[in-house]
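Topology and contacts: notes
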Amino acid sequence: MTAGIAESDWAKAVKILDGAQEVCLACHVRPDADALGSMLAVAIALAGRQAGGAAPRVIASFGDEPFEVPAILRFLPGLDLLAEPARFPVAPRVLLTFDASSIDRLGLLAGSTVLAAELIVLDHHPSNTGFGSVQLVDPSAAATAVLAAELIDRLGVELTQDIALGLYAGLVADTGSFKYPATTPAVHLLAARLIGAGAEPGLVARELWDRAPFAQLGLLSAALGRAGLDRRACAGRGLAWTTVTRADREPAGLALDAAESVIDLIRRTDEAEVAVVLKEADSGEWQVSVRSKGNVDVSAACAALGGGGHRAAAGFAGRGEPEDVLAALTRQLG
Ligand code: AMP
Ligand code: MN
Ligand code: MN
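Here the residue index of a chain counts from 1 through its sequence in written order. Here chains are named by letter from A upward and ligands by number from 1 upward, in the order in which they appear as written. A pLDDT threshold of at least 70 governs which residues receive local features in this predicted model, and a stricter bar of 80 or more applies before side-chain atom pairs are shown or counted, although totals over entire chains, interfaces and linings include all residues. Excluding hydrogens and water, the side-chain values take into account all heavy atoms of the structure.

1. A short note on the site of ligand 1
The nearness test applies per residue and asks whether one of its heavy atoms lies within 4 Å of the molecule or strand. Taken together, R105, H125, S289, R291, G307, G308, G309, H310, A313, A314, G315 and F316 make up the full set of residues adjacent to ligand 1. As used in this structure description, the phrase polar contact means that two N or O atoms lie within 3.5 Å; if the pair is within protein, one of them must be able to donate a hydrogen and the other to accept it, and residues adjacent in sequence are counted only when both atoms belong to side chains. G308 has a polar backbone atom sitting 3.4 Å from a nitrogen atom of ligand 1. G315 places a polar main-chain atom, nitrogen or oxygen, 3.3 Å from an oxygen atom of ligand 1. With residues, only the protein chains shown are counted as cover, and all accessible areas are computed by Shrake-Rupley using a 1.4 Å probe. The fraction of the free accessible surface of ligand 1 (480 Å²) that becomes covered by protein chains is 85%. Along the lines of polarity and charge, the residues of the shell around ligand 1 split into three nonpolar, seven polar and two charged. As a working rule, the residues Ala, Val, Leu, Ile, Met, Phe, Trp, Tyr, Cys and Pro are called nonpolar, Asp, Glu, Lys and Arg charged, and the rest polar, with Gly in that last group.

2. A look at the coordination of the manganese ion (ligand 3)
Perfect tetrahedral coordination of a metal by four donors corresponds to 109.5 degrees between them, and perfect octahedral coordination by six donors corresponds to 90 or 180 degrees. Only nitrogen, oxygen and sulfur atoms within 2.8 Å of the metal, or 3.2 Å for Na, K and Ca, are treated as donors, and water is left out, so sites may look incomplete. Looking at the manganese ion (ligand 3), the protein donor atoms are D34 (OD), D99 (OD), H124 (NE2) and D174 (OD), and they sit 2.1 to 2.4 Å from it. Along the chain, the residues donating to the manganese ion (ligand 3) are arranged with the sequence spacing D-x64-D-x24-H-x49-D. For the pair the manganese ion (ligand 3) and the manganese ion (ligand 2), the metal-to-metal distance amounts to 3.9 Å, and D99 bridges them. Of the two residues, D34 sits in helix α2 (residues 33-47) while H124 sits in the loop between β4 (118-123) and β5 (134-137), which places them 90 residues apart along the sequence. The burial state of D34 is the same as that of H124; both residues are buried. Runs of E in the DSSP output that reach at least two residues are strands. Runs of H or I that reach at least four are helices, and both are numbered from the N terminus. Note on exposure labels: buried denotes an accessible area under 20% of the residue type's maximum, exposed denotes more than 50%, and partly exposed covers the range between, all computed with a 1.4 Å probe on protein chains only.

3. Concerning the coordination of the manganese ion (ligand 2)
Within the first shell, the manganese ion (ligand 2) binds the protein through H28 (NE2), D32 (OD) and D99 (OD), at distances of 2.0 to 2.3 Å. Counting along the primary sequence, the residues that act as donors to the manganese ion (ligand 2) give the motif H-x3-D-x66-D. Residue classification places D32 among the partly exposed residues on the basis of a relative accessible area of 30%.

4. Focus on the side chain of T144
Positionally, T144 belongs in helix α4 (residues 144-154). In contact with T144, other than residues within four places in its own chain, are D34, S38, F98, D99, L122, D123 and H124. Whether two residues touch is decided by their heavy atoms; if any such pair falls within 4.5 Å, the residues are in contact.

5. Regarding helix α5 (residues 161-174)
With 14 residues, α5 extends 20 Å from end C-alpha to end C-alpha; this agrees with the ideal 20 Å at 1.5 Å per step. Burial within α5 is extensive, with ten of its 14 residues counted as buried. Among all positions in α5, only I163, A164, L165, G166, L167, Y168, A169, G170, L171 and V172 are buried. Residues of α5 that are buried make contact with α2, α4, α6 (185-196) and α7 (201-208). One or two steps after α5, the chain reaches G176, where phi turns positive at roughly 55°. A helix is expected to span 1.5 Å for every residue after the first.

6. Some remarks on the packing of α5 against α7
Each packed pair of helices is defined by two parameters, the angle between the axes and the distance between the axes. Each axis is a line fitted through C-alpha atoms, and for a helix only the stretch in contact is used; angles between axes span 0 to 180 degrees, taken between their N-to-C directions. Taken N-terminus to C-terminus, the directions of α5 and α7 make an angle of 60°; their axes are 10 Å apart at the nearest point. Considered as vectors, α5 and α7 are oriented oblique to each other. For the pair α5 and α7, the crossing hand works out as right-handed. Contact residues: L165, Y168, A169, V172 and A173 in α5; P201, L203, V204 and L208 in α7. Looking at the contact of α5 with α7 residue by residue, the class counts come to nine nonpolar, no polar and no charged. We call two directions roughly parallel when the angle between them is under 35 degrees, roughly antiparallel when it is over 145, roughly perpendicular when it lies between 65 and 115, and oblique otherwise. Two helices cross in a left-handed way if the nearer one is turned anticlockwise from the farther one by less than a right angle. They cross in a right-handed way if the turn is clockwise.

7. As for the sheet that holds strand β10 (residues 308-309)
Only strands joined by at least two bridges in the DSSP assignment are considered to pair. Spatial strand order, β6-β7-β8-β9-β11-β10: six strands in an open sheet with mixed pairing. Each edge of the open sheet is held by one strand with a lone partner, namely β6 (228-230) and β10. Across three bridges, β6 lies against strand β7 (residues 239-244) in antiparallel orientation. Bridging from a neighbouring strand, L229 pairs with A240 of β7.

8. Describing the nonpolar core
Among the nonpolar cores identified, the biggest contains 65 residues, and L25, L36, L96, I120, L151 and L167 are the most heavily contacted of them. Per element, the largest residue contribution to this core is eleven residues, and it comes from α2. In this structure L25 touches M39, V42, A43, L46, V58, I59, A60, S61, F88, L95, L96 and F98, once residues within four positions along its chain are discounted. Working definition of a nonpolar core: buried Ala, Val, Leu, Ile, Met, Phe, Trp, Tyr and Cys residues. They are joined through side-chain atoms within 4.5 Å. Core analysis: the next-biggest nonpolar cluster, separate from the first, contains 20 residues, A233, V288, V290 and V296 among them.

Quick look at the structure:
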């Protein structure tokens, strides 16, 4: 499953971690279940480890300001191992990064990443820029959680229920509940192991997708009510899109992550190969989610606009009128 990674790189990572007194962990900004779930699983594994003496000091974070765990991820075990970026070492001896394709995806922790003496990168983005002293990067992996599971195995740590839960959350999220093409037999075998170790699929699905505050219905109503369809976009393959504005969520006290589920409704549109949701952050910047059904490479278009991602799921950030941000994207999509 991790065929893309050299045996010598796994060995290097294990050796570095075996000798470490302190291990720092960072995942990408505005973390999703794969980023945070993988990171916390490895953090728990390291913190409980007694390799020839005391377990290393473990400090995990992500570079957002304000520093807030997305509401739907607060069920993940290991949140007590998180520290805000201001408390993160400026120049870590050992730093592991999770699900980040480039250093700038680490936000406020980018500086610490540059200054880390040993930088172990766990990622599965085809667009990974190749940063780090040890690259555990496999674009064929369905999730960073797959790589995190292998690292934990290689460290000789048993899967506990808490570790399995974080890994399972990452795996189920990045495979779209085992629906996307990267869902190989090996993915299901890993899922079976994680469930066997105590991860509860029903609980994870409920926390990630099957619950929300009542106010979320108003947000969905507003966003779906102004959805648009451009049949001529993407060389006639069609594009469906909408926005989620600050006005949709601020009166109800909803954070930006309340808008995450909208893309999964927009992307169902039969008449559109590409789906786009522009989400207005508290700063006024648009966080743009882009999905394709597989015939259009949206990561290339997003990369051209300063973002990135996978062939069928990518994103970027933009400023200005939403129509203009969308127009810049449709130009890239051709
Ligand atoms: P999202 O739409 O936020 O769920 O993101 C979909 C995919 O695009 C994920 O793999 C993200 O890592 C990637 N992505 C989203 N926004 C950006 C960005 N600003 N820069 C690079 N990659 C991004
Ligand atoms: Mn991610
Ligand atoms: Mn991922």
